Amino acid sequence: MQGQTRRVAIVTGAARGIGAATARHLASQGHAVAVLDLDLEACDVVCEEIVAAGGEAVAISADVADEAAVDAAIVTVVETFGAPTILVNNAGITRDNLLFKMTADDWDSVMRVHLRGAFLMTQAVQKHMVSERYGRIVNLSSTSARGNRGQANYAAAKAGIQGFTKTIAIELGPFGVTANAVAPGFVQTEMTEATAARLGMSFTDFTAAAVAKIPVGRGGTPEDIAALVGYLVSESAGYVSGQIIYADGARRG
Ligand code: NAP
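Please read all numbers here as calculations on a predicted model, not as lab measurements. (Residues numbered from 1 in each chain as written. Predicted model: local features only at pLDDT ≥ 70, side-chain atom pairs only at ≥ 80, totals over all residues. Heavy atoms only, no water.)

A. Seen up close, the overall build of the protein chain. Looking only at helices and strands, the protein chain has eight helices and seven strands in total. The C-alpha atoms of the protein chain give a radius of gyration of 17 Å, which matches the 18 Å a tight globule of 253 residues would have. Judged by the C-alpha coordinates and their principal axes, the protein chain covers about 45 × 35 × 35 Å. Considering the protein chain as a whole, with its 253 residues, one finds that 52% of them fall into the buried category. Taking as baseline every contact in the protein chain between residues at least 6 positions apart, the subset at least 24 positions apart corresponds to 72%. Carbon and sulfur atoms make up 54% of the accessible area of the protein chain, which totals about 11,200 Å². Charge separation in the protein chain, taken as the distance between the mean sites of 20 positive and 25 negative side-chain charges, equals 10 Å. (Helix = DSSP H or I, 4+ residues; strand = E, 2+ residues; numbered from the N terminus. Rg over C-alpha atoms; globule rule 2.2 N^0.38 Å. Buried < 20%, exposed > 50% of the residue type's maximum accessible area, 1.4 Å probe, protein only. Contact = heavy atoms within 4.5 Å. Areas by Shrake-Rupley, 256 points an atom, 1.4 Å probe, with all protein chains shown as cover. Lys, Arg positive; Asp, Glu negative; His and termini not counted. Charge placed at Lys NZ, Arg CZ, Asp CG, Glu CD.)

And the structure:
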């Protein structure tokens, strides 16, 4: 424990990428972490790493857009660790295509995971935060919220996350709950590897093209984003709420 009260945290989409790095980071801060994702075995791997490092974690399989699964997941968290007071809505998918080729299913799938998922998770967890008079919510947005070719669905969802975040910050603030969004630029994960593959590029070439536009001279890592989330969920971040914080190495264009 590094000067912080042990809290119960839930990180969605935590089996890999930014979510896994965030789960490891929060556990290293002394929090008990529910590692929630679709694939239970992949969650188990992250939990084993956390426990081996001396932390507390439980693996939970749930689809964040399935109301019954979300409710069951929260019951498991409460029974295992107690009331959750940290929530990181990180689960996400892409179904990229130019608008004229995008299907309604591509649109609905992305809205379902990012927006319905964040809504259901937040609604289920906020009642515990309100009764504890303490909570920290961080939602993953993206620089794509400003518009990105081939991502009309994803950009709309990530812009929607920003409005959702600002609204829950207003509604839940009086109960000691903060809500912020983190909007990463290019981060090296399986999601961006899939983007490179879709564009017919090697990940090395795709990364080099991205880095050429990033003033800090490198791509983001999952740990970069986890560290920012770690600050926003800390007790000392209590006056920071309703904010959208971009982490993109100052990339423009
Ligand atoms: P990732 O490597 O693809 O990991 C996302 C995780 O979410 C996967 O394990 C995925 O499971 C899980 N997931 C998908 N749908 C789910 C659902 N319905 N319920 C529960 N879990 C679900 O992605 P990432 O790059 O770490 O991105 C994490 C978040 O950051 C996402 O919200 C993403 O949009 C955002 N972001 C990423 C970047 C970037 O450059 N990587 C930039 C800006 C924002 P499956 O593998 O089983 O589908």
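Having seen the structure, we can now continue with the description.
B. Geometry of the sheet that holds strand β6 (residues 177–184). A sheet is described by the order of its strands in space; here seven strands give the open sequence β3-β2-β1-β4-β5-β6-β7, paired in parallel fashion. A single partner strand is all that each edge strand has here, and the edge strands are β3 (56–61) and β7 (244–247). Going from strand to strand, the sheet's axes swing by 20 degrees on average, the running direction of each strand aside. Running at roughly 180 degrees to β3, helix α2 (residues 40–52) makes contact with β2 (32–37) and β3 of the sheet. Packed onto the sheet, helix α8 (residues 222–232) meets β4 (86–89), β5 (135–140), β6 and β7 and runs at close to 165 degrees relative to β6. (Pairing = 2+ DSSP bridges. Axes fitted to C-alpha atoms, helices over the stretch in contact; angles between N-to-C directions.)

C. Just the domain arrangement of the protein chain, in detail. Here the domain parsing of the protein chain yields domain 1 (8–185 + 221–244) and domain 2 (186–219). Between the C-alpha centres of domain 1 and domain 2 the distance comes to 23 Å. With 14 residues of domain 1 at the interface, the matching set in domain 2 holds ten residues. Where domain 1 abuts domain 2, roughly 920 Å² becomes buried across the two surfaces, and 54% of that area is made up of carbon and sulfur atoms. Taken together, domain 1 and domain 2 are joined by three salt bridges. In this structure, Arg 16 engages Glu 190 in a salt bridge whose closest nitrogen and oxygen atoms are separated by 3.4 Å. Of all the secondary-structure elements, those providing two or more residues to the side of domain 1 that touches domain 2 are α1 (17–28) and α8. (Domains from an automatic or database assignment. Buried area = accessible area lost by both parts, 1.4 Å probe. Salt bridge = Lys/Arg side-chain N within 4 Å of Asp/Glu carboxyl O.)

D. Structural detail: the site of the ligand. Close contacts around the ligand come from 28 residues, with Arg 16, Asp 37, Asn 90, Tyr 154 and Thr 189 the closest. Measuring from an oxygen atom of the ligand, one finds a backbone N or O atom of Ile 18 at 2.9 Å. For the ligand, an oxygen atom lies 2.8 Å from a polar atom in the backbone of Asn 90. Here the ligand has 900 Å² of accessible area as a free molecule, and 90% of this is covered by the chains. Elements with a contribution of two residues or more to the shell around the ligand: α1, α4 (104–132), α5 (152–172) and α6 (190–198). The element best represented in the shell around the ligand is α6, accounting for three residues. (Near = heavy atom within 4 Å. Polar contact = N/O pair within 3.5 Å; in protein donor to acceptor, adjacent residues only side chain to side chain.)

E. Structural view of the packing of aromatic side chains. The final tally for this structure, using the stated rule, is three aromatic pairs. Measuring from ring centre to ring centre gives 6.4 Å for Phe 186 and Phe 203, while their planes differ by 50 degrees; the resulting arrangement is tilted. Taken as a pair, Phe 186 in the loop between β6 and α6 and Phe 203 in helix α7 (residues 203–211) lie far apart in primary sequence, 17 residues in all. Ring centres 6.5 Å apart and planes at 25 degrees place the aromatic pair Phe 203 and Phe 206 in the stacked group. In this pair, Phe 203 and Phe 206 are both assigned in helix α7, three residues apart and thus about one turn of the helix distant. Above the face of the Tyr 134 ring, Arg 7 is positioned so that its terminal group lies 3.6 Å from the ring centre. (Phe/Tyr/Trp six-rings, centres within 6.5 Å; stacked < 30°, edge-to-face > 60°. Lys NZ or Arg CZ within 6 Å of the ring centre and 35° of its normal.)

F. Structural view of α7. Residues of α7 that are buried include every one of Phe 206, Thr 207 and Ala 210, and no others. For α7, the buried positions fall inside an angular range of 95 degrees around the axis, keeping them on one side. Buried residues along α7 sit against α6. (Arc of directions from axis to C-beta.)

G. Here's a closer look at empty space enclosed by the protein. Scanning all chains against the criterion turns up one cavity of 30 Å³ or more. Along the wall of the largest cavity there are 13 residues; nearest its centre are Asn 89, Asn 90, Ala 91, His 114 and Ala 118. Listing elements by their share of the lining of the largest cavity, those giving two or more residues are α4 and α5. It is α4 that contributes the most residues to the lining of the largest cavity, five residues altogether. For the lining of the largest cavity, the residue count by class is seven nonpolar, five polar and one charged. (1 Å grid on protein atoms, 1.4 Å probe; cavity = no way out; pocket = protein on both sides within 12 Å on 5 of 7 lines; lining within 4 Å. Points joined across faces, edges and corners; volume = space filled by probe spheres on them. Nonpolar A, V, L, I, M, F, W, Y, C, P; charged D, E, K, R; others polar.)

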